[in-house]
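# Observations on chain architecture
So the chains spell out like this:
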Amino acid sequence: MAEAMDIDAGPGPSSKAEAGGGPGSKSFDLPWVEKYRPTVIRDIVGNKEAVARLQVVAEEGNMPNLILSGPPGTGKTTSIMCLARALLGPVYRYAVLELNASDDRGIDVVRNKIKMFAQKKTTLPPGRHKIVILDEADSMTSGAQQALRRTMEIYSNTTRFALACNQSSKIIEPIQSRCAIVRYSKLSDQEVLERLLVVAREEKVAVMEDGLEAVVFTADGDMRQALNNLQATASGSGLVDQAAVFKVCDQPHPLLVADIVRHCRTAALDEAYDGMRKLCDLGYSSMDIITTLFRVVRNFPDLAEFLKLEFIREVGFCHMRINDGVNSRLQLAGLLARMCRVAVKSAG
């Protein structure tokens, strides 16, 4: 077995120092995703263009209403908090209202909590506004969004709204037209890896190269997922290697899924189905298998471009059907048959 990587314990990120992390401090037992959450805009990982736009807003001090849209774990909520700290400084805790719209998503919340906060008198730095942060705003009911639209109009002189959501299309048009939309995308594997190395060095975790690759694979561009998986593996086994990561995260092993793809490429349907049946018998759901299958096909080496595109097409259709609730083993078997048929056609 290869030796664990020697990670030098150098100076930590500024966000850790500002958050008070470290041995003997109260935040030492925090989850790493909170302990290493950036507190200034320049420390945010990835999405450089979006972060640069927010940096300009922070420097000029003229914040519009914002909608931050993108996949989970890409830094939307963290970006809003960093922007609010940069704008408001020491009055941050009094001038910011943070709500998770997936919990408080009814019209009463808008009429009571948000309206009362907007009406509250607060001493602010010159040219600054109170800020309402609504996380997962796409979970708000239509009635609540209509009430929010009216509230945004009435209190535009004193309050700014920042909405974080996974899909901006679920926010009603009147709110979208009143906001600047900032779009976030998944983080690249390199960006996730660099942050994991920093955290592993700070926590003095024994990591192996294949273990970090496994953490990056399971995260799929989600920094929150990556840090949680790293902490869970380090706490559970002490050594972060590939076997430990996939055991702790309990996802279908990509090598087993790669064997299935290899059999489909040679149109060996029986062998491919045997591999799929083993994964199903291990207790993995159809969604677990199809998600891992997509990632493996997308990164599969030595697969002709045409064949890879056709495989991804078939996996996408199957994923759509499973997402609609048709998640029987028959769907996966039909997918393997179609992939084998595509391989035969491309060979002919």
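The sections below set out a description of the structure shown in this document. These figures come from a predicted structure and were not determined experimentally.

## Notes on the packing of aromatic side chains
As enumerated under the stated definition, the model contains one aromatic pair in all. Where Phe217 meets Phe246, the ring centres are 6.4 Å apart and the plane angle is 65°; that geometry is what we call edge-to-face. Remark: Phe246 occurs in helix α12 (residues 242-249) and Phe217 occurs in helix α10 (residues 209-219); sequence separation between them is 29 residues. When sorted by exposure, Phe217 lands in the same class as Phe246, which is buried. The ring of Phe117 has Lys130 sitting right over it, with the charged end atom 5.5 Å from the ring centre. Between the NZ or CZ atom of Arg295 and the centre of the ring of Phe217, over which it lies, the distance is 5.6 Å.

## Things to note about the sheet that holds strand β3 (residues 130-135)
Pairing is parallel across the open sheet formed by five strands, whose spatial order is β2-β3-β4-β1-β5. Since the sheet does not close on itself, it has two edges, and those belong to β2 (96-100) and β5 (180-183), each with one partner. Within this sheet the neighbouring strands show an average axis-to-axis angle of 15°, counted without direction. Sheet strands in contact with helix α3 (residues 48-60) are β1 (66-69) and β5, and its direction is about 140° off that of β5.

## A look at the nonpolar core
Counting 54 residues, the largest nonpolar core has Leu196, Val240, Cys264, Ile290, Leu293, Phe311 and Leu332 as the members making the most contacts within it. The contacts of Leu332, once residues within four sequence positions are left out, are Met276, Cys280, Ser286, Ile289, Ile290, Cys318 and Ile322. Counting 27 residues, the second largest nonpolar core, distinct from the first, contains Leu66, Cys82, Leu88 and Ile133.

## As for the pattern of salt bridges
This model, assessed by the stated rule, comprises 14 salt bridges. Between Glu34 and Arg37 there is a salt bridge, with its nearest N and O atoms 2.9 Å apart. Residues Arg149 and Glu153 are paired through a salt bridge, measuring 3.6 Å at the closest nitrogen-oxygen approach. Linking Arg149 with Glu153, this pair stays in helix α7 (residues 142-154), spanning four residues, or about one helical turn. Arg149 sits in the partly exposed class, given a relative accessible area of 22%.

The rules we used
Residues numbered from 1 in each chain as written. Predicted model: local features only at pLDDT ≥ 70, side-chain atom pairs only at ≥ 80, totals over all residues. Heavy atoms only, no water. Phe/Tyr/Trp six-rings, centres within 6.5 Å; stacked < 30°, edge-to-face > 60°. Helix = DSSP H or I, 4+ residues; strand = E, 2+ residues; numbered from the N terminus. Buried < 20%, exposed > 50% of the residue type's maximum accessible area, 1.4 Å probe, protein only. Lys NZ or Arg CZ within 6 Å of the ring centre and 35° of its normal. Pairing = 2+ DSSP bridges. Axes fitted to C-alpha atoms, helices over the stretch in contact; angles between N-to-C directions. Contact = heavy atoms within 4.5 Å. Core = buried A, V, L, I, M, F, W, Y, C linked by side-chain atoms within 4.5 Å. Salt bridge = Lys/Arg side-chain N within 4 Å of Asp/Glu carboxyl O.

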